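Inside the fold
Listed below are the residues making up each chain.
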Amino acid sequence: MPAPISTGFQHAELDWDENGQPQSRQYNDVYFSRGSGIAETTHVFLQPNRLAERFAALHAGERLVIGETGFGTGLSFLCTWALFERTAPDTGFLHFVSVEKHPLTRDDLNRALALWPELQDEARQLLDQYVAINPGFQQFRFGRVTLTLLVGDALDRLKELDARVDAWFLDGFAPPKNPDMWQPELFGQLARLSAPGATLATFSSAGSVRRALKEAGFEVKRIPGLGHKWENLQGQLAASADSSPSPWFARPSHKPAQRKALVIGAGLAGCASAASLAARGWQVALLERHDDVAQEGSGNPQGVLYLKLSAHGTALSQLVGSGFGYTRRLLHNLQHGQDWDACGVLQLAFDDKEIVRQAALCDAFPPSLLRAVPREEAERLAGVTLEQGGLFYPNAGWAHPPALCRWLIKHPAIELFRHRQPLELRRTGEQWQALAGDELLAEAPVVILAGAADAAQFSQSAWLPLKRIRGQISALPATEASSALRTVLCAKGYVAPPREGQHTLGASFNFAETDPAPSAAEHRSNLDMLKEISSDLHQRLEADTCDVGQLHGRVAFRCTSPDYLPIIGALADPERFAEAYAVLAKDARQIPDEPCPWLDGLYVNTAHGSRGLITAPLSGELLAAWLNDEPLPVPRAIAEACHPNRFLLRKLIRRTD
């Protein structure tokens, strides 16, 4: 069983000198030159990697990928970003990947970045998004610039990364003080992740570093240093390492001549897919069968940022950890208090099994993400009387999903088409056509199916194993007494602080029922659940006197997969897949040298279940990474765990129908 990715997580511990410059207490080393950090970054990293020249040469839609070992204060990232803005054409893109074992707290980062007034525009944008920095992969978007921050041990995180890096910054603390950042195995990972001809630069010219880089396949040479530093190193990859994944999880080689996409379904998954592609220069047509976005599963008035984690580092737990941070960063674009609130989420320890589970989570995750609180503290946080304590997630809260959907598609490259319901997909030349009978609704070389369980309505995707689960929420009018509730409370269901004078309560979980109308029985079930969460709040809401026949409610159908992971990625032809990889039925260890029979340009993004508010926004980034040959925003193993082909593989290997 995999270990939790957060084991040993600790923020940077800093000392500040008389000039206000930080030094790592863990490694007893400085983060940058005491003379001029910007001059040092330019001399050591930007110029040897020829970044100004390479940025200027980017063609429309092209990007440069930079990898860094040691994010530190973010100075190298900010300098690179500023150089990109000065030199790159406005159709180019930058993707910066950096690893950091001990990220700075936000207060320390703010203090450090204040040292460079010339970088304050970029620093402000970074600080605005610098929230929920937890172990694992954390994705940030700044217009044409993407930052993927890998939080944890450098070697562990780089082993998980799927990327093709064009230029490397080797910027860990000095080799004698932090040898793990300069070990041969780590340099082997740099070679594996490098694009052909990738360059590198570092301040260290130690003989052990030169020899290890050469053994990994890099040609290196000494260059003059800056100030008291006599020499630095400059290098280039001489021989690429083979890092091809299994063909059924490889990136499709088909690249459309036109960067146009058609997204079917305007819930969270569809809007996120459209937004991530539009941010990368794609023209997107978004088709929705209703009269507006977020009319089905993404339409509830309050969704909870609820992290149902595992202490064992499961694929779902890792996806949730990365998705939580990404969603929290997006929410800052919405109106606080009206469209979202970081009020915290309190997961109550409602039985013995939950008590054991929560104890394991406390051992596995840092207190910045979650912490155990006794009943008395839980009551102070919540503002109501409770029967037990539990886990408190201080950066979590609630959001209004329709507002997030509307913000996501507020981009000039996205066009929303209402009352459009495709019934058939047809491939004609290089185009996919979306048809309703004889009517052509739209066409594009790339189609993304994001309509929850309706993603399986087309002949090309009918094999997807999707399940619909009915859920009903109840809306209870807030009272003066109930308005004291300050956090989201979760047990077997949830209740949120009031939004627009109403508390959202729910949600039921019903596989068998298909009626889309709210039922009195499920309103009563939700009220019973409220009483189990807090009899005090139940009383404050005057729930005993509620006429369930008069309660407002809403029914939506979650879409899930058999393993409860979302389904994100390119679709293959299932019959030709079975033929191409038939040998797997006899020996699952075989890797046939046969390219996957993709349905060129057809992708899916669905099955986010009850966690869509956390996983769907990041899924747009994952889908865009598949389509644009970018670094994946999650570990390769997690992307494969979410890939549609996992079900075709299982069917072959297990010989199931």
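In this report, the structure presented in the accompanying data block is examined.

1. Some remarks on helix α7 (residues 184-193)
The buried count for α7 comes to seven of ten residues, which makes it a mostly enclosed element. Turning to α7, its buried residues are Leu 186, Phe 187, Gln 189, Leu 190, Ala 191, Arg 192 and Leu 193.

2. Here we look at the side chain of Gln 139
Examined against the element boundaries, Gln 139 turns out to sit in strand β6 (residues 136-142). Given the relative accessible area of 2%, Gln 139 is considered buried. Of the polar contacts made by the side chain of Gln 139, one reaches the side chain of Thr 148; its length is 2.6 Å. Other than its neighbours up to four places away in sequence, Gln 139 contacts His 95, Thr 146, Leu 147, Thr 148, Arg 280, Tyr 326, Arg 329, Leu 618, Glu 621 and Pro 633.

3. As for the packing of aromatic side chains
All told, the structure shown has 15 aromatic pairs when counted by the stated rule. Plain terms: the ring middles of Phe 77 and Trp 81 are 5.5 Å apart, the flat faces sit at 35 degrees to each other, and that makes the pair tilted. Of the two residues, Phe 77 and Trp 81 are both situated in helix α3 (residues 75-87); the distance of four residues between them amounts to about one turn of the helix. According to the relative accessible area criterion, Trp 81 is buried, its value standing at 2%. Measuring from ring centre to ring centre gives 5.6 Å for Trp 182 and Phe 203, while their planes differ by 85 degrees; the resulting arrangement is edge-to-face. Placement of the pair is Trp 182 in the loop between β8 (165-170) and α7 and Phe 203 in the loop between β9 (194-202) and α8 (207-216), with a sequence separation of 21 residues. This pair shows no difference in class: Trp 182 is buried, exactly as Phe 203 is. Following the ring pairs from residue to residue traces out a cluster consisting of Phe 45, Phe 71, Phe 77, Trp 81, Phe 96, Phe 140, Phe 142 and Phe 169. Residue placement shows Arg 329 over the ring face of Phe 140; its charged tip is 4.1 Å from the ring centre.

4. Some remarks on the nonpolar core
One recurring pattern in soluble globular proteins is that nonpolar side chains are buried together. Counting residues in hydrophobic clusters, the biggest one holds 91 residues, and the most contacted among them are Leu 307, Leu 309, Tyr 393, Val 488 and Phe 577. With ten residues, the single largest contributor to this core is helix α17 (residues 612-628). Not counting chain neighbours up to four residues away, the residues in contact with Tyr 393 comprise Leu 307, Leu 309, Gly 344, Val 345, Gln 347, Leu 361, Leu 369 and Leu 370. Val 44, Leu 78, Phe 173 and Val 209 belong to the second-largest nonpolar core, a separate cluster that totals 79 residues.

Analysis parameters
- Residues numbered from 1 in each chain as written.
- Predicted model: local features only at pLDDT ≥ 70, side-chain atom pairs only at ≥ 80, totals over all residues.
- Heavy atoms only, no water.
- Buried < 20%, exposed > 50% of the residue type's maximum accessible area, 1.4 Å probe, protein only.
- Helix = DSSP H or I, 4+ residues; strand = E, 2+ residues; numbered from the N terminus.
- Polar contact = N/O pair within 3.5 Å; in protein donor to acceptor, adjacent residues only side chain to side chain.
- Contact = heavy atoms within 4.5 Å.
- Phe/Tyr/Trp six-rings, centres within 6.5 Å; stacked < 30°, edge-to-face > 60°.
- Lys NZ or Arg CZ within 6 Å of the ring centre and 35° of its normal.
- Core = buried A, V, L, I, M, F, W, Y, C linked by side-chain atoms within 4.5 Å.

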